[in-house]
Amino acid sequence: MAISYPHPRRTLCVRALAATAALALAAPLAACGSDDEGGVPTLNLYQFPVEHMQDVIDQCNQQAAGKYKIVYQVLPRTADDQRVQMVRRLAAKDDSMDILGMDVTWTQEFASANWIREFTGADKSEVENGTLEGPLASAEYEGKLYAAPNNTNVQLLWYRKDLVPNPPQTWDEMIQMALQLKQQGKPHQVLTMGAQYEGLVVLYNSLVASAGGHVVSDDGKSAVMDAGALKGLEVLKKFATAGVTSPSFPNAIEDDARHAFQNGEGAFELNWPYVWASMQSETPDLAKNVAWAPYPAIDAGTPVHTTIGGSNMAVSSYSKHPGQAFEAIRCLRGPESQKTLAVKAGQAPSIESVYSDPEMGKAYPMKATLLEELKTSAPRPRTPAYQNLSTVVAAELSPPASIQPEQTAKSLKSSIQDAIDSKGVLP
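Note that this is a predicted model, so its numbers are computed, not measured.

Novice: Just to check I follow, could you spell out the state of the cysteines for this structure?
Specialist: The bond known as a disulfide is covalent and runs between the sulfur atoms of two cysteines. Scanning the entire structure with this criterion turns up one disulfide. Between the sulfur atoms of C60 and its disulfide partner C331 the distance amounts to 2.1 Å. On the sign convention where negative is left-handed, the bridge of C60 and C331, at about -95° about the S-S bond, is left-handed. Of this pair, C60 sits in helix 2 (residues 53-64) while C331 sits in helix 13 (residues 322-332), and the two are 271 residues apart along the sequence. By the burial criterion, C60 is buried, and C331 matches it.

Given below as structure tokens:
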């Protein structure tokens, strides 16, 4: 999940929660939100730090006109730590939780555990109306809607137009262009995420989806590892061993790739759109020579399906105010709120109409390419055991240069099935 990481105000309670998340065993965590005051229900929104989110909350509280008051409970910065806090609270049936800001990969898990409420009737229609298909799919479980897509994301190809007049359309073309630049003694590296974590799983998932493959059956119950999954391993192996990656590729996460590109070390970068705003503010001279293009395809003329990111909002099954929570979500992820966070915080909207707003042009000059990719985006494997699956896939693929496609495919199939069956994996 690529998000904007500002320096929000952190309450003493949030600091205490961040420390508590490191404990292996814990009693139900203390609630941070205040009790209802003066008959006005308090709705606690538990979400990762987002710049200007408080502005959106203030606006929604004003619109509520006393029907409820939303209070922002800021979770830690990393997705793993966010999930740990939420899972522990939900497992303890903590009724101080009302609205949950979730990574898109958690919907299946939380819904299968009956921790979040289904969207029905007008609430469901409100979410479905105008929301892009890819983000909407990330909010569904077993044909039912359990969350409301808030923001979304896909990775793009960023390239130095002073080094590469025309961007590559395939992985092979990109590798060949990088090798030619290398021979000329120019910046040539293809910078992206190869560390043993979710970023590597996202890279592999995009390759598999673009090759028309699957690693998990449609019902999420069986490991598959078909021809497309094998092709993804072959492309990843070739890329990692072609001599075009950074020496730090096996340990690189998003910001490592971003910093290396901004330092002039690469000709190409595969990363989320937040890197554009970073270049504008931190390396404006370099930014003048940077352009964007669709993510590279496996073969010329074949579709590209990049892995979708982003976040969803859901109502806790243990909320004392579910009706008000559903109503608050309408405002929190509505078009105006999504535009505010897109323009001010770099969060790509999940509602298609927001991209047509004139204010989006400056913040997202790449919006046409982004929207094109979003319409053909690929979900991560849909299974309640996704956290387990991600852990074993990252381990099997690391380091990418060590991949032996046929052997790795067999090992992955076994490991993924064990993850789905919750064997030998710590969630």
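After that view, the rundown keeps rolling.
Novice: Where do I start with the environment of K375 in this structure?
Specialist: Note on placement: K375 falls in helix 16 (residues 367-375). Taking the C-alpha atoms as reference, K375 lies 9.2 Å from P135; in sequence the two are 240 residues apart. Apart from the residues lying within four places of it in its own chain, the contact partners of K375 are L132 and E352.

Novice: Looking at this model, I keep getting lost on the sheet that holds strand 10 (residues 290-293). Mind explaining?
Specialist: As a general point, the strands of a sheet are linked pairwise by backbone hydrogen bonds and lie either parallel or antiparallel. Ordered by their spatial adjacency, four strands build an open sheet running 8-9-7-10, and the pairing between neighbours is mixed. Pairing within the sheet leaves two strands with one partner each, and these edge strands are strand 8 (189-191) and strand 10. Each strand of the sheet is rotated relative to its neighbour by a mean of 20°, with strand direction disregarded.

Novice: How should the pattern of salt bridges be read in this particular structure?
Specialist: Two side chains of opposite charge can pair, provided their charged atoms sit close to one another. Under the definition given, this model contains 15 salt bridges. For D357, the salt bridge is made with K339, and the minimal N-O distance between the two is 3.5 Å. Taken together, the residues D357 in the loop between strand 12 (348-349) and helix 15 (360-363) and K339 in helix 14 (residues 335-345) connect sequence positions 18 residues apart. The exposure classification of D357 matches that of K339, with both residues buried. Among the charged side chains, a network of salt bridges with common partners joins E336, K339, D357 and E359.

Novice: What is the right way to look at the pairing of strand 1 (residues 42-47) in this model?
Specialist: Two faces belong to every sheet, and in a regular strand the side chains alternate between them. Judged by how many residues are buried, strand 1 sits mostly within the fold: six of six residues are covered. With burial as the criterion, each face of strand 1 is covered, one bearing T42, N44 and Y46 and the other bearing L43, L45 and Q47. Pairing geometry for strand 1 and strand 2 (residues 69-74), over six bridges, is parallel. Opposite L43, over in strand 2, you have I70 as the bridge partner. Traced from strand 1 through helix 2 to strand 2, the parallel crossover comes out right-handed. The sheet contact formed by strand 1 and strand 3 (residues 99-103) spans two bridges and is parallel. Looking at strand 3, one finds that L45 is bridged to I99.

Novice: Just checking my understanding: could you explain the environment of G301 for this structure?
Specialist: Among the secondary structure elements, G301 is positioned in the loop between strand 10 and strand 11 (309-315). Spatially, the C-alpha atoms of G301 and Q169 are 8.6 Å apart, while their sequence positions differ by 132 residues.

Novice: When you look at the side chain of T192 in this model, what are you seeing that I'm missing?
Specialist: As for its position among the elements, T192 is in the loop between strand 8 and helix 8 (198-210). For T192, a relative accessible area of 4% corresponds to the buried category. Here the side chain of T192 touches L270 through a polar contact of 3.0 Å, landing on its backbone oxygen. Residues contacting T192, with those up to four places away along its chain left out, are Q155, L203, F239, F249, A252, A257 and L270.

What counts and what doesn't
- Residues numbered from 1 in each chain as written.
- Predicted model: local features only at pLDDT ≥ 70, side-chain atom pairs only at ≥ 80, totals over all residues.
- Heavy atoms only, no water.
- Disulfide = S-S within 2.5 Å.
- Helix = DSSP H or I, 4+ residues; strand = E, 2+ residues; numbered from the N terminus.
- Buried < 20%, exposed > 50% of the residue type's maximum accessible area, 1.4 Å probe, protein only.
- Contact = heavy atoms within 4.5 Å.
- Pairing = 2+ DSSP bridges.
- Axes fitted to C-alpha atoms, helices over the stretch in contact; angles between N-to-C directions.
- Salt bridge = Lys/Arg side-chain N within 4 Å of Asp/Glu carboxyl O.
- Right-handed = clockwise from strand over helix to strand, strands pointing away.
- Polar contact = N/O pair within 3.5 Å; in protein donor to acceptor, adjacent residues only side chain to side chain.

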